Amino acid sequence: MTEEAFNPLEQPLHLRIQQMERLIEVGRTLSSVLELDPLLQLIIATAAELTDSQEASILLYDELAGDLTFVAAPWFKRNQMQEVRVPISGSIAGEVYTYGKPVMVRDAVEDSRVFRAVDVHTGFETQSLLSVPLMVKGACFGVLTAVNKQGEHFTQEDEYILETLASQAAVAIQNARYLKETQKAYEELADLDQMKTDFIAITSHELRTPLGLILGHATFLQELVEEELRSQMGVVVESAERLKEIIEDLSKVDSYRTGEIEMRWDALDVGVLVRKVSAACMRLGEEYRVRIMFELPERPVVIQADGEKLGLALNHLIRNAIIYNRPGGMVTTTVEMGKGFVLIRVEDDGLGIPEDELERVFERFYQVEDHMVRRRGGMGLGLSVAELMVEMHRGRIKVESELDKGSRFTVVIPLEQG
């Protein structure tokens, strides 16, 4: 440019104050608009107003296509402009995007850099334009353009105002885009969660009847077959029982989500419950060659609880600790009294859980991605069920773990419910 650089301090004081007040007001407004499309329309309307232009538009860089696309334009030709792709090479907008510097064109008719396809497609005539970059942290991601200055040429004062507006708009646009992406991610997660819920409901319902028939007939036949075949029938019965447990877990998760589970509150001795569940897990411990231990207070620890559901949670925690242990390992369950609550800890010295996966171990169907773990099978429901059962007691459960050293699950249950 041949003119001297514009200095806002050389303007009359009252005009500078008006401009600053307007830009501050605009900045506040932009920061309060969280939806992307209304925000973009507000920006181009403000750009046209502050520069006294016929209209304004915003182009953003499309990483996949490698060009610029209109995301905001006057409403009466928005659809037409969005059909036009503006190349980086051979356009004013591309030049602004590439170098991150504003470009002012006072006579667009004579300037060969102007991308004519936009005017041809919309039936519009660009006579003058001012384009400035949209930048965040030194990186340009789009271009804000004001077109056809009313009554006179664009000035360096217009450039200063539009750049200031662009700096405010760039941050607001990025924030709105991040918010939109976050909302989309949450919607996708919600859809996935609903798919899991539907799968659980259908699977538990459809499998229950045929499994009941298989288990009933297999148990009946086990008593009738010859001695040498009974062990093989035992395998069938045992496998059917395991499948029944999985279906029951699926059903419990679904019933909890739909609010169909009823709690049967009663006085419960936690020590007695730990002994009972530990004894039930002894056979699994022998299979995996893992010792099962427990440490209980000398005096009974009595709480208000649903013994069946709290026992189910404890059963899953101990089974999980056994399955993900090593031969010769140990699982220890301890009970401690706190002020107004009881602590139940299930600790093992097994494989451990990677730190970046700790937050996901209670998700339905989630399994730690490790070759040592995947071979142990399971559907990834045990810990999810345990967490649900604990939450039904108004309690909470947390996990601490270190790879190759083991894991510790801590359950906190209030002594009094209600």
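Calculation notes
Residues numbered from 1 in each chain as written. Predicted model: local features only at pLDDT ≥ 70, side-chain atom pairs only at ≥ 80, totals over all residues. Heavy atoms only, no water. Axes fitted to C-alpha atoms, helices over the stretch in contact; angles between N-to-C directions. Helix = DSSP H or I, 4+ residues; strand = E, 2+ residues; numbered from the N terminus. Left-handed = near helix turned anticlockwise from the far one by under 90°. Contact = heavy atoms within 4.5 Å. Nonpolar A, V, L, I, M, F, W, Y, C, P; charged D, E, K, R; others polar. Pairing = 2+ DSSP bridges. Parallel < 35°, antiparallel > 145°, perpendicular 65-115°, else oblique. Phe/Tyr/Trp six-rings, centres within 6.5 Å; stacked < 30°, edge-to-face > 60°. Buried < 20%, exposed > 50% of the residue type's maximum accessible area, 1.4 Å probe, protein only.

Enquirer: It is not clear to me how the packing of helix α10 (residues 307-323) against helix α12 (residues 382-392) should be interpreted in this structure. Could you clarify?
Expert: Across the interface, α10 lies against α12 with an axial gap of 8 Å and an inter-helix angle of 145 degrees. Once α10 is placed against α12, the crossing between them reads as left-handed. Of α12, the residues touching α10 (which contributes Lys309, Leu312, Ala313, His316, Leu317 and Asn320) are Gly382, Leu383, Val385, Ala386, Met389, Val390 and Met392. For the contact of α10 with α12, the residue count by class is nine nonpolar, three polar and one charged.

Enquirer: Can you help me understand the sheet that holds strand β2 (residues 67-72) in this one?
Expert: Within a beta sheet, neighbouring strands are joined by backbone hydrogen bonds and run either parallel or antiparallel to one another. The strand order β3-β2-β1-β6-β5-β4 describes an open sheet built from six strands, whose pairing is antiparallel. Strands at the two margins of the open sheet, each flanked by one partner only, are β3 (85-86) and β4 (103-105). Of the pairings in the sheet, the one linking strand β5 (residues 129-136) to strand β6 (residues 139-149) comprises eight bridges and is antiparallel in character. If you follow Leu129 over to β6, its bridge partner there is Val147. In this fold helix α2 (residues 36-51) packs onto β1 (53-62), β2 and β6, with an angle of close to 140 degrees to the strand it touches most, β1.

Enquirer: Whenever I open this one, the packing of helix α8 (residues 270-280) against α10 confuses me. Can you help?
Expert: Helix-helix packing is described using two parameters, namely the angle between the two axes and the distance between the axes. Where α8 contacts α10, the two axes come as close as 10 Å, and the packing angle between them is 50 degrees. In terms of axis orientation, α8 runs oblique to α10. Considering how the two elements wind past one another, α8 and α10 form a crossing that is right-handed. Where α8 abuts α10, its residues Leu273, Val274, Val277 and Ser278 lie against Gly307, Leu310, Gly311, Leu314, Asn315 and Ile318. Class assignment of the residues belonging to the contact of α8 with α10 gives a composition of six nonpolar, four polar and no charged.

Enquirer: How do you make sense of the sheet that holds strand β8 (residues 291-295) when you look at a structure like this?
Expert: The five strands are arranged β8-β10-β11-β13-β12 in an open sheet whose pairing can be described as mixed. A single partner strand is all that each edge strand has here, and the edge strands are β8 and β12 (396-402). Sheet twist, expressed as the mean angle between neighbouring strand axes with direction ignored, is 15 degrees. Sheet topology note: the strand β11 (residues 341-348)/strand β13 (residues 406-414) ladder contains seven bridges and is antiparallel. When the sheet's bridge partners are listed, Arg345 is paired in β13 with Thr410.

Enquirer: Hey, could you run me through the packing of aromatic side chains in this one?
Expert: We describe a pair of aromatic rings using the distance from one ring centre to the other and the angle between the two ring planes. Evaluated as defined, the whole model comprises three aromatic pairs. Aromatic side chains Tyr61 and Tyr97 sit 4.7 Å apart centroid to centroid with 15 degrees between the ring planes, which places their arrangement in the stacked category. Residue Tyr61 is located in strand β1, and its partner Tyr97 is located in helix α4 (residues 92-99); the two are separated by 36 residues in the primary sequence. For Tyr61, a relative accessible area of 26% translates into the label partly exposed. Aromatic side chains Trp75 and Phe76 sit 5.8 Å apart centroid to centroid with 90 degrees between the ring planes, which places their arrangement in the edge-to-face category. Of the two residues, Trp75 and Phe76, neither departs from the other in class, the shared state being exposed.

From the geometry alone we can't say anything about function, so treat these as descriptive.
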